[in-house]
Each structure stands twice: as C-alpha cells, then as structure tokens.
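Secondary and tertiary structure notes
Single-letter residue listing:
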Amino acid sequence: MALVKEEYFGIARKIVSNMTSESWETIPHATLNYHADVTELLQEYKKINEGCTDKSKKITINTIMIKIICEGLKAAPKMNTHLFFNRKLVRGTLKYFDHIDVSMPMILPSGEMMTVNMHDMGNKTLSEMTTAINDTARRARNSNMDDVMFEVSLDNTLKGLKQGKILQTFRRLYGSKMPGKHKVHTLTGSEKKKYYSIPVKDRLTKHDIEQGTTTISNLGSIYRGQKGECALLEIIPPQTTAFAINSTQKRPTVVTDENGNDKIEIRQIMPITIAIDHRALDYGDIVPFFKKLDEIFENPSVIQSWK
C-alpha cells in the first residue's frame with residue numbers, strides 16, 4: 001500500500017473537527033425524522049415568485065424550509081436554547097432567547113463550507129430572509145475566511161482563558177501558530193492592512209460566524225439526487241438542537257380522501273432530521289414543534305402571508 005498524499009487541516013477544518021469532537025464527546029444525542037409531505041407546498045412555492053424578474057429577490061425553497069422550522073421553534077421555544085451543564089457538580093442551566101439565530105452551512109467561493117450565523121431569522125419575512133442570505137453570500141466573496149475564522153477561534157480561546165482553561169488556551173495557540181506544517185496562515189503586513197480597510201458592511205466578521213441558537217443544514221441542496229435521509233446529526237454546543245433538510249423524494253404514501261377512505265399515492269416527501277440534546281429535551285418537548293409543522297404542511301397557502 002503506497003501513500004498517495006498527506007493533507008494538513010486548515011483553520012476551517014480545525015474548527016469543524018474541534019466542535020464536532022466536543023459535540024460527540026459531551027452531548028447525549030437523540031434523533032428523530034419528520035417526513036414532510038410537500039406535494040401541495042411545492043405548488044404554493046411556484047406561486048410565490050410569480051412576476052419576480054430579479055433573480056436576487058427570488059425566494060428559494062431552502063428559505064421557505066428555514067422559515068417553517070423557525071415557526072416550529074416558536075411553538076416549542078425549549079428547542080431554541082443553549083445548555084450549560086457541569087457534569088462534575090451536576091448543575092445545568094438552560095438559556096432561552098427571544099430571537100432565532102440560525103447557524104447555516106454555506107458553500108464559499110473557494111468551495112469550502114463554513115457555517116454562518118443568520119441573525120434573527122424567526123422575525124423576518126421571506127423577502128427579508130432572502131436579502132439577508134444573499135448579502136451574507138456577497139460579503140463572503142469579499143472575505144478572507146482564514147482571518148475571519150482565526151478571529152473567532154482566538155475569541156473563543158480567550159474566553160476559555162477567562163474561565164480558567166489555561167492548558168486548553170496554550171494548546172490551541174501552540175497548535176495554530178507554532179511554525180510547521182500545521183501552522184494557521186493569516187494575513188500580515190500590507191495585505192492585512194489592505195484587507196481590514198474593507199468596510200465591515202462589505203465583509204464577514206466574527207459576528208457572522210459566532211454561535212447561533214440552532215443549526216439548520218440543507219443536505220438536499222448539496223445533492224438533490226439523495227436517496228434516503230440523514231440519520232445522525234451533530235449538535236454544536238451549547239445549542240440543544242440541530243436540523244437537516246433532506247432532498248425531496250417521490251414516495252408511496254397513505255392518504256385519506258374526502259370520504260375517509262385510505263389510498264396509496266405517490267407524494268413528494270422531504271424528510272427533516274432533528275437532533276436533540278437529551279440532557280435538555282425530552283420527546284414531549286418536541287411535540288409542539290411537530291404539531292406546528294403538521295399545521296403548516298396541511299395548510300401550505302400560509303406561506304403566501306410570510307412573503
């Protein structure tokens with residue numbers, strides 16, 4: 001067996017690896033799948049962009065699904081929380097928020113994927129959400145993501161230092177800045193000065209990368225030919241939930257006609273994977289979320305009022 005190549009992690013992969021490792025080491029995950037029948041919803045979706053000739057203003061099905069999940073979270077506010085738990089002392093605190101900040105993976109111009117924070121998505125209309133997502137993508141094109149992510153990583157490291165995590169702080173700084181193959185390269189000198197002269201409104205900052213209140217990933221947009229659905233999904237602490245929107249798939253489904261008779265139809269099903277932190281949430285806490293989604297998918301014309 002011959003070694004083909006070695007690939008050393010850049011800062012984006014380091015951050016993802018560190019956060020997901022912490023997730024699986026500390027969080028007791030429980031996952032559930034919601035099979036959304038989007039047959040009628042997709043018909044309503046066709047109407048929502050009628051007359052819109054500006055491509056940048058067109059509302060995507062991804063935006064609608066994020067809005068639907070946000071509406072579900074409003075009905076089940078315990079799912080939109082941060083958990084702080086000390087296992088040694090068996091002490092836990094659950095922090096609730098009056099807004100929904102969605103951590104959303106986005107593919108960058110370089111082809112890399114980075115999670116951005118779409119702030120206050122629960123209170124935005126579909127048009128406002130579209131504008132916010134497009135503006136984030138625009139600013140990402142002007143951004144040096146290594147510098148942005150190092151800024152976030154350094155901020156988290158310094159917070160750890162304030163909490164007394166001295167050894168962790170030393171290890172992180174050593175691992176990222178000591179000379180060698182694993183060193184994180186950020187801008188210096190005139191390049192750094194030129195980059196930071198770009199107005200903040202035109203580039204991403206740590207405010208755009210910081211932790212949201214929940215995470216929503218659209219796996220279906222990465223591969224629309226997906227068969228099946230996501231089964232395991234990591235929750236990024238201190239969040240207590242994570243969601244994956246899978247691709248729409250034709251599936252045989254039992255439906256009840258106007259006479260109360262059951263029959264099998266081919267329907268458009270979009271599975272939604274839901275992961276919960278079992279320290280903070282039980283199944284009963286999710287029921288209001290499910291009921292809200294049932295209500296929306298049974299009456300999908302409601303999305304017209306969200307525009």
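Our structure's up above, just so we're on the same page.
Residues numbered from 1 in each chain as written. Predicted model: local features only at pLDDT ≥ 70, side-chain atom pairs only at ≥ 80, totals over all residues. Heavy atoms only, no water.

**Thoughts on the overall build of the chain**
- Secondary structure summary: the chain contains 10 helices and 9 strands in total.
- When the 307 residues of the chain are sorted by exposure, 41% land in the buried category.
- A separation threshold of at least 6 residues defines the contact pool for the chain, and within that pool the share at least 24 residues apart is 69%.
- Working note: accessible area of the chain is about 17600 Å², and carbon and sulfur atoms make up 54% of it. (Helix = DSSP H or I, 4+ residues; strand = E, 2+ residues; numbered from the N terminus. Buried < 20%, exposed > 50% of the residue type's maximum accessible area, 1.4 Å probe, protein only. Contact = heavy atoms within 4.5 Å. Areas by Shrake-Rupley, 256 points an atom, 1.4 Å probe, with all protein chains shown as cover.)

**Quick look at the pairing of strand 6 (residues 214-218)**
- The buried fraction of strand 6 is high, at 5 of 5 residues.
- Residue alternation in strand 6 divides its side chains into two sets, Thr 214, Ile 216 and Asn 218 and Thr 215 and Ser 217, and both sets are buried.
- Pairing analysis gives 2 bridges linking strand 4 (residues 102-107) to strand 6, with the strands arranged parallel. Within strand 6, the residue paired with Val 102 across the bridge is Thr 214.
- Inspection of the sheet shows strand 6 paired to strand 7 (residues 241-245) by 4 bridges, in the parallel sense. If you follow Asn 218 over to strand 7, its bridge partner there is Ile 245. (Pairing = 2+ DSSP bridges.)

**Some details on the pattern of salt bridges**
- Under the definition given, this model contains 17 salt bridges.
- One salt bridge connects Lys 67 with Glu 71, and the closest N-O pair in it is separated by 3.4 Å. Residue Lys 67 and its partner Glu 71 are both found in helix 3 (residues 61-75); the two are separated by 4 residues, about one turn of the helix.
- Assessed through its relative accessible area of 5%, Lys 67 is described here as buried.
- For the salt bridge of Glu 265 with Arg 267, the shortest nitrogen-to-oxygen distance reads 3.3 Å.
- Using a relative accessible area of 11% as the deciding quantity, one classes Arg 267 as buried. (Salt bridge = Lys/Arg side-chain N within 4 Å of Asp/Glu carboxyl O.)

**A word on the nonpolar core**
- Counting residues in each nonpolar core, the largest one holds 60 residues, and the members touching the most others are Ile 68, Met 79, Val 102, Ile 274, Phe 289 and Phe 297.
- Among the elements that line this core, the one with the most residues is helix 3, at 7 residues.
- With residues up to four places along the chain from it excluded, the contact list for Met 79 reads Leu 73, Thr 240, Thr 241, Phe 243, Ile 274, Leu 281, Asp 285, Ile 286 and Phe 289.
- Counting residues in hydrophobic clusters, the runner-up holds 7 residues, among them Ile 27, Cys 230, Ile 235 and Ala 244. (Core = buried A, V, L, I, M, F, W, Y, C linked by side-chain atoms within 4.5 Å.)

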